[in-house]
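One-letter residues, chain by chain:
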Amino acid sequence: MKKIKMSINALDKKSHINPEIYGHFSEHLGRCIYNGIYVGKDSSIPNTNGIRNDVIEAFKEIKMPVLRWPGGCFADEYHWKDGIGENETRKKMVNTNWGGVTEDNSFGTHEFMQLCELVGCEPYIAGNLGSGSIQELAEWVEYMTLDGGTPMSELRKKNGREKPWKLKYLGIGNESWGCGGTMRPEYYVDEYRRYQSFCKNFSGNTLFKVACGPSADDYSWTECLMKNLNKFTANAIALHYYTLPTGSWDKKGSATDFSNEEYYDTVSRTLFMDELITRHVEIMNRYNPEKDIGLIVDEWGCWYDVEPGTNPGFLYQQNTMRDAIIAALNLNIFNNHSDRVVMANIAQAVNVLQSVILTDGEKLLKTPTFHVFDLYKTHQGGELVYSWNENEKNSNGTPAISQSVSVKDGKMTVTIANTSLESDYEIECDLYGFDAKSVSARILTSEVHSYNDFDNIDNVSVKPYNAELLGGKLIVKLPECSVLSVVIE
Ligand code: AHR
């Protein structure tokens, strides 16, 4: 077994890890909302006002901090007034982005806000800048957050919600460079500035306004945005980057059937996230050295060809140990950039792309990606501290080991991924500035193609793990293809 040295300095505090870095995204796409999250009050599947109880419990288990809705591309064709009031009167529409199916709007603002209340997470509304109007968005904010005495707040009361909701996160336009309007950054930023002016803080509610940021490595988009925004107009800009194993949108590759080479390419394309964040942040630092405009990684995750036999517009894919490794790498990267990255949302929560949950009728399973969110949840709200490892390289040159470390309430969380499919590693880790007395650990490891299906929902699951403290050092033996979470007190 190869040995690797690691070092942690608990006295060298770097930045706060916002819980929202562990955020999620839900879109009216395929079976994410309907069947996945929402089954309607009359369903035989146990539910609370139509929202699946098993989904609520699973979201709570990983301490879901924030949920983005209603899209995605869907957000820029969504008209919120179609999704309020009696179900029978709600207007139907065609979901032009995702399979051309009929959207009956039975899941709307009230249902989404109730979901967030039941889960205990922050709602994050993606507003329609592409095909909506300023008045429409301004009224939505008023409907949700203003106490009373205006047409919108009275309409909310008439629809059964007396008290306003708290709404912090408001996105204004989604992928405005693409499905959200194919805009030039110069045009978008002026539109954004106009829209955000009319999204007001009501009744003690304070909005955190998010501008549409770049697609992957479009640095000129970030440059234009940062030149034209300041902390009075935007609290954050939102980057979208998906890992495509082959790098091609035409043939993305199978979620379950892949070679070792394709696996390592997937790792490499995921690690590009680190370069992306570094370079976008360099631009942000020039215009906003105070760092009061955050970077949100609004959509991230692996995007494969859909499962054979499923609707191509529904983006349903399986989720293997490869996805667990990809999730672990991304979350370590976000933690390590938490001085600027204030939120990140994996796409998507249920039945779409790199989901944490898959459903089939009344059945529900937790994917390997779910288990990584579970392993990492003690990072939420912690302070990132300095960590280093001497590392080894995989056959394609990518680093084998990735880690991040945080401290909260006297407990240290160390998360480590071994991306290698060929080597186990023994890690000997120096712990500076931390009086380690006890250690507990949990591990997720399995053959890289393994996944959970409805016949075997626990094929890949978290197991207790024996980590050691020897002479003040942490000693762990990491099997190939594994994700480990260690909590030291
Ligand atoms: O997550 C699927 C789609 O990917 C979203 O709707 C869009 O924002 C992105 O292109």
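As the structure is a computational prediction, the values presented were derived from the model and not from experiment. (Residues numbered from 1 in each chain as written. Predicted model: local features only at pLDDT ≥ 70, side-chain atom pairs only at ≥ 80, totals over all residues. Heavy atoms only, no water.)

Chemist: Is there a simple way to think about the sheet that holds strand S12 (residues 294-302) in this case?
Modeler: Each strand in a sheet pairs with another by means of backbone hydrogen bonds, the pair being arranged parallel or else antiparallel. The eight strands are arranged S2-S5-S8-S9-S10-S11-S12-S13 in a closed barrel whose pairing can be described as parallel. On average, adjacent strands in this sheet sit at an angle of 30° to one another, irrespective of strand direction. Across four bridges, strand S9 (residues 169-172) lies against strand S10 (residues 208-215) in parallel orientation. For Ile172, the partnering residue across the bridge sits in S10 and is Ala211. Sitting on the sheet, helix H3 (residues 134-145) is in contact with strand S5 (66-69), strand S8 (122-127) and S9, with an inclination near 160° to S8. In the packing of helix H8 (residues 321-336) onto the sheet, the strands contacted are S12 and strand S13 (341-347), and the crossing angle to S12 comes to about 170°. (Pairing = 2+ DSSP bridges. Helix = DSSP H or I, 4+ residues; strand = E, 2+ residues; numbered from the N terminus. Axes fitted to C-alpha atoms, helices over the stretch in contact; angles between N-to-C directions. Contact = heavy atoms within 4.5 Å.)

Chemist: Help me out: how do you make sense of the state of the cysteines in this one?
Modeler: Under the defined criterion, the tally for this structure stands at one disulfide. One disulfide in the model links Cys73 with Cys179; its S-S distance is 2.2 Å. For the disulfide bridge between Cys73 and Cys179, the dihedral angle about the S-S bond is near -90°, and by the sign convention the bridge is left-handed. Separated by 106 residues along the polypeptide, Cys73 in the loop between S5 and strand S6 (93-95) and Cys179 in the loop between S9 and helix H5 (185-197) bring together distant segments of the chain. (Disulfide = S-S within 2.5 Å.)

Chemist: Before we go on, may I ask you to explain the pairing of strand S17 (residues 401-408) in this structure?
Modeler: Every regular strand shows the same layout, with side chains that alternate between the two sheet faces. With respect to burial, S17 is a largely interior element, seven of its eight residues being buried. Here two bridges tie strand S16 (residues 383-389) to S17, and the two strands are oriented antiparallel to one another. Of the residues in S17, the one forming a bridge with Leu384 is Ser406. In this sheet, strand S18 (residues 411-418) lies alongside S17 in antiparallel orientation, the contact comprising eight bridges. Looking across to S18, one finds that Val405 is bridged to Val414. The turn linking S17 back onto S18 is made up of two residues, and Asp409 within it adopts a positive phi angle of 50°. (Buried < 20%, exposed > 50% of the residue type's maximum accessible area, 1.4 Å probe, protein only.)

Chemist: Honestly, the sheet that holds strand S24 (residues 482-488) in this entry has me stumped. Any pointers?
Modeler: In space, the ten strands of this open sheet follow the order S21-S20-S24-S18-S17-S16-S1-S19-S23-S22, with mixed pairing throughout. A single partner strand is all that each edge strand has here, and the edge strands are strand S21 (463-465) and strand S22 (468-470). For this sheet, the mean inter-axis angle between neighbouring strands, taken without regard to orientation, is 25°. Strand direction decides the pairing type here: strand S20 (residues 439-445) and S21, joined by three bridges, are antiparallel. Residue pairing in the sheet places Ile443 in a bridge with Lys463 of S21. Sheet contacts for H8: S16, S17, S18, S20 and S24; angle to S17, the most-contacted strand, approximately 55°. Across the sheet, helix H9 (residues 368-376) touches S18, S20 and S24, and the angle it forms with S20 is around 165°.

Chemist: Please explain the confidence of the model for the protein chain as it appears in this structure.
Modeler: The predicted coordinates ought not to be read in detail in places where the model reports low pLDDT. On average, residues of the protein chain carry a pLDDT of 97, and 100% of them reach 70 or more. Within the protein chain, H9 carries the highest mean pLDDT (99), whereas S22 carries the lowest (96). (pLDDT = per-residue confidence, 0-100.)

Chemist: Quick question: what am I supposed to make of the nonpolar core here?
Modeler: One broad rule of soluble globular proteins: the nonpolar side chains tend to lie buried together. Ile37, Ile277, Trp300 and Phe334 are the most contacted members of the largest nonpolar core, which has 122 residues in total. Core analysis: the next-biggest nonpolar cluster, separate from the first, contains 27 residues, Met6, Ala400, Val407 and Leu484 among them. (Core = buried A, V, L, I, M, F, W, Y, C linked by side-chain atoms within 4.5 Å.)

Chemist: Honestly, the packing of aromatic side chains in this entry has me stumped. Any pointers?
Modeler: We describe a pair of aromatic rings using the distance from one ring centre to the other and the angle between the two ring planes. In the structure shown here, the tally under the stated rule is 21 aromatic pairs. Ring pairing ties together the aromatic residues Tyr34, Tyr38, Trp69, Phe74, Tyr78, Trp80, Phe107, Phe112, Trp140 and Tyr143, which thus form one cluster. In this structure, Arg31 is placed above the aromatic ring of Tyr316, and the distance from its NZ or CZ to the ring centre is 5.1 Å. Across the ring face of Tyr124, the terminal group of Arg68 is positioned such that the distance to the ring centre comes to 5.7 Å. (Phe/Tyr/Trp six-rings, centres within 6.5 Å; stacked < 30°, edge-to-face > 60°. Lys NZ or Arg CZ within 6 Å of the ring centre and 35° of its normal.)

Chemist: I keep staring at the site of the ligand and nothing clicks. Help me out?
Modeler: Near the ligand there are 14 residues, and of these Glu27, Cys73, Glu175, Tyr242 and Glu299 occur at the shortest range. Tyr242 is positioned such that a nitrogen or oxygen atom in its side chain is 2.7 Å from an oxygen atom of the ligand. For the ligand, an oxygen atom lies 2.8 Å from a polar atom in the side chain of Glu299. The fraction of the free accessible surface of the ligand (280 Å²) that becomes covered by protein chains is 94%. Grouping the amino acids of the shell around the ligand by side-chain chemistry returns seven nonpolar, four polar and three charged. (Near = heavy atom within 4 Å. Polar contact = N/O pair within 3.5 Å; in protein donor to acceptor, adjacent residues only side chain to side chain. Areas by Shrake-Rupley, 256 points an atom, 1.4 Å probe, with all protein chains shown as cover. Nonpolar A, V, L, I, M, F, W, Y, C, P; charged D, E, K, R; others polar.)

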